[in-house]
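# Structural overview
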Amino acid sequence: FGSGNSPQAEDFDGEGEDSEDMSIKKLAEKLNLASSKELEEIIEMLEDRPQVIFYGPPGTGKTYIAEELAKYLSGSDERVEVIQFHPSYGYEDFIEGWRPSEEGKFKLIDGVLKNFAQKAKDDPGNKFVLVIDEINRANLSKVIGELFYLLEKRGKEITLQYSDEKFELPENLKIIGTMNTADRSIA
């Protein structure tokens, strides 16, 4: 896959169905894909199930494509969040966790997902895309916790383990994960 400049969201603006098809084709060209068919299928999958995982050998452009597709889908860099999982990444980083405060006490802090989900919930007219790079490098059961349920049951709520708050993933939040199929650092 290519490694050109990142296209801006305005590069893909258009009106009507024909312009939308053309913008997908333009994105496919920028990503050096043979055709836009793969992107169209991914977008269709994200409408049906709001999460996908790109997998394959290292260095094949999965992250680059995920980030550019996220910009295209959201229409704005401000509605895209990119994080990378690693072995020490935990639930406390991703959803919520107790952290020391300046006063020497512990305070419950929202994680990346909880903050980003709130942004999406506050702006239901727009799509938000979370890109999780190297999703298989973390202990997914530990990091995601009760979120496994919400990935299948959008619109449902669960109670979070630390705050006892009700939490749900908004319909306008899409998740794109990337993972390497051959990586010596993964047990």
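See the structure printed just above.
If you're wondering where the values come from, they're calculated on a predicted model, not measured in any experiment.

Our next topic: the overall build of the protein. Counting secondary structure elements, the protein contains 7 helices and 8 strands. For the protein, buried positions account for 43% of its 187 residues. Entry remark: accessible area of the protein is about 10,700 Å², with carbon and sulfur atoms responsible for 46%.

Topologically, S163 is positioned in the loop between β6 (158-159) and β7 (166-167). Remark: the alpha-carbon pair of S163 and E96, spanning 67 residues in sequence, is separated by 8.0 Å. The residues contacting S163, other than those within four sequence positions of it, are E96, L108 and K114.

With that out of the way, let us pick up the sheet that holds strand β2 (residues 80-84). Taken together, 4 strands build an open sheet; the order of strands is β1-β8-β5-β2 and the sheet is parallel. Each edge of the sheet is formed by a strand with only one pairing partner; in this case those strands are β1 (51-56) and β2. Strand after strand, the sheet turns through a mean of 15° between neighbouring axes, direction not considered. Alignment of β2 against strand β5 (residues 128-133), held across 5 bridges, turns out to be parallel. What sits directly across from E81, in β5, is L130.

Now for helix α2 (residues 37-48). Over its 12 residues, α2 runs 17 Å from end to end, which matches the ideal 16 Å to within 8%, given 1.5 Å per residue. Looking at α2, one finds that the buried residues are L39, I42, I43 and L46. Looking straight down α2, one finds its buried side chains confined to an arc of 100°; they lie on one side. Along α2, the residues that are exposed and aim more than 90 degrees away from the buried face are K37, E44 and D48.

Bringing helix α3 (residues 62-74) into the picture now. Helix length check: α3, at 13 residues, gives a terminal C-alpha distance of 18 Å against a target of 18 Å (1.5 Å per residue), a fit within 8%. Counting buried positions over the 13 residues of α3 gives 11, a clear majority of the element.

A few words on the pairing of strand β3 (residues 96-100). Residues in a regular strand project their side chains so that they alternate between the two faces of the sheet. Relative to strand β4 (residues 106-110), β3 runs antiparallel, the two sharing 5 bridges. Residue pairing for β4: R99 is matched across the bridge by K107.

We now examine the packing of aromatic side chains. For any pair of aromatic rings, the description consists of the separation of the ring centres together with the inter-plane angle of the planes. Here the structure, examined in full by the defined rule, presents 5 aromatic pairs. Here the aromatic rings of F85 and F94 are separated by 5.3 Å at their centres, their planes lie at 90°, and the arrangement is edge-to-face. Residue F94 is classed as buried on the basis of its relative accessible area of 1%. Feature note: the residues F85, Y89 and F94 constitute an aromatic cluster, connected by ring pairs.

Criteria and cut-off values
Residues numbered from 1 in each chain as written. Predicted model: local features only at pLDDT ≥ 70, side-chain atom pairs only at ≥ 80, totals over all residues. Heavy atoms only, no water. Helix = DSSP H or I, 4+ residues; strand = E, 2+ residues; numbered from the N terminus. Buried < 20%, exposed > 50% of the residue type's maximum accessible area, 1.4 Å probe, protein only. Areas by Shrake-Rupley, 256 points an atom, 1.4 Å probe, with all protein chains shown as cover. Contact = heavy atoms within 4.5 Å. Pairing = 2+ DSSP bridges. Axes fitted to C-alpha atoms, helices over the stretch in contact; angles between N-to-C directions. Expected span 1.5 Å × (residues − 1). Arc of directions from axis to C-beta. Phe/Tyr/Trp six-rings, centres within 6.5 Å; stacked < 30°, edge-to-face > 60°.

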